[in-house]
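Each chain, letter by letter, is given below.
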Amino acid sequence: MIKKKITKFPSHLKAGDTVKIISGKDKGKIGEITKLVKATNQVIVKEVNIKRKHVKPTREGDVGKISQFEGPIHSSNVMLYSTENNVASRVTYQEGEDGKKVRVFKKLLVTN
């Protein structure tokens with residue numbers, strides 16, 4: 001069996017970021033990242049991409065159920081969202097006052 005090679009991209013996202021879904025069935029929804037799946041370049045966003053799984057009863061007397069969970073979304077289908085300015089934008093990195101790299105929204109930069 002041939003394994004599919006997965007290319008890993010450097011992630012511009014972190015857990016806890018607010019993102020906007022830019023493609024797919026949940027396009028336009030806004031949510032918070034709860035988990036990153038680095039192996040497949042995917043993110044899990046709170047209350048977005050809800051999947052359902054039908055679970056059979058395991059023992060006698062148990063009742064089957066339908067469980068719901070958030071499915072992963074590829075990181076290229078989400079964009080960072082600023083709740084203060086209500087804008088989704090790509091990110092660039094600038095040097096902060098203390099010398100560390102800081103993420104900055106490209107749409108909020110002043111152009112000359």
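Residues numbered from 1 in each chain as written. Predicted model: local features only at pLDDT ≥ 70, side-chain atom pairs only at ≥ 80, totals over all residues. Heavy atoms only, no water.

**Q** Can you break down the sheet that holds strand 8 (residues 87-88) residue by residue, with the values?
**A** Pairing in this open sheet of six strands is antiparallel, and the strands run 6-3-2-1-7-8 from one edge to the other. Single-partner strands in this sheet number two, and they are strand 6 (73-74) and strand 8. As defined by bridge partners, strand 2 (residues 30-37) adjoins strand 3 (residues 42-45) across four bridges and the pair is classed as antiparallel. Paired with Lys35 across the bridge in strand 3 is Ile44. (Pairing = 2+ DSSP bridges. Helix = DSSP H or I, 4+ residues; strand = E, 2+ residues; numbered from the N terminus.)

**Q** So what about the layout of surface pockets? Which residues, and what values?
**A** Here the largest pocket is characterised by a volume of approximately 180 Å³. For the largest pocket, the lining is made up of 13 residues, of which Phe9, Pro10, Ser11, Asn41 and Ser75 are closest to its centre. Listed by contribution, the elements that provide at least two residues to the lining of the largest pocket are strand 2 and strand 3. Across the lining of the largest pocket, the residue classes tally to five nonpolar, seven polar and one charged. (1 Å grid on protein atoms, 1.4 Å probe; cavity = no way out; pocket = protein on both sides within 12 Å on 5 of 7 lines; lining within 4 Å. Points joined across faces, edges and corners; volume = space filled by probe spheres on them. Nonpolar A, V, L, I, M, F, W, Y, C, P; charged D, E, K, R; others polar.)

**Q** Lay out the pairing of strand 7 (residues 78-82) in plain terms, naming residues and giving numbers.
**A** With four of five residues buried, strand 7 is to be regarded as a mostly interior element. Looking at chain direction, strand 1 (residues 18-21) and strand 7 are connected through three bridges and run antiparallel. By the bridge assignment for strand 7, Lys20 is matched with Met79. Linking strand 7 to strand 8, which pair antiparallel, is a turn of four residues; within it Asn86 sits at a positive phi near 50°. (Buried < 20%, exposed > 50% of the residue type's maximum accessible area, 1.4 Å probe, protein only.)

**Q** So what about the packing of aromatic side chains? Which residues, and what values?
**A** This structure, assessed with the given rule, holds zero aromatic pairs. For the cation-ring pair, Lys101 lies above Tyr93, with the distance from its terminal atom to the ring centre recorded as 5.0 Å. (Phe/Tyr/Trp six-rings, centres within 6.5 Å; stacked < 30°, edge-to-face > 60°. Lys NZ or Arg CZ within 6 Å of the ring centre and 35° of its normal.)

**Q** Any chance you could break down the pattern of salt bridges for me, citing the residues and the numbers?
**A** The tally for this structure, following the rule as stated, stands at two salt bridges. Among the ionic pairs, Arg103 bridges to Asp17, the shortest N-O distance being 2.9 Å. Of the two residues, Arg103 sits in strand 10 (residues 101-105) while Asp17 sits in the segment before strand 1, which places them 86 residues apart along the sequence. Of the residues examined, Arg103 reaches a relative accessible area of 29% and is grouped as partly exposed. Notably, a salt bridge pairs Lys29 with Asp26, separated by 3.2 Å at the nearest N-O pair. Overall, the relative accessible area of 9% leaves Asp26 in the buried class. (Salt bridge = Lys/Arg side-chain N within 4 Å of Asp/Glu carboxyl O.)

**Q** Can you lay out the side chain of Asn41 for me, pointing to particular residues and giving the numbers?
**A** Along the chain, Asn41 turns up in the loop between strand 2 and strand 3. Excluding residues within four positions of it along the chain, Asn41 makes contact with Thr7, Lys8, Phe9, Ile73, His74 and Ser75. (Contact = heavy atoms within 4.5 Å.)

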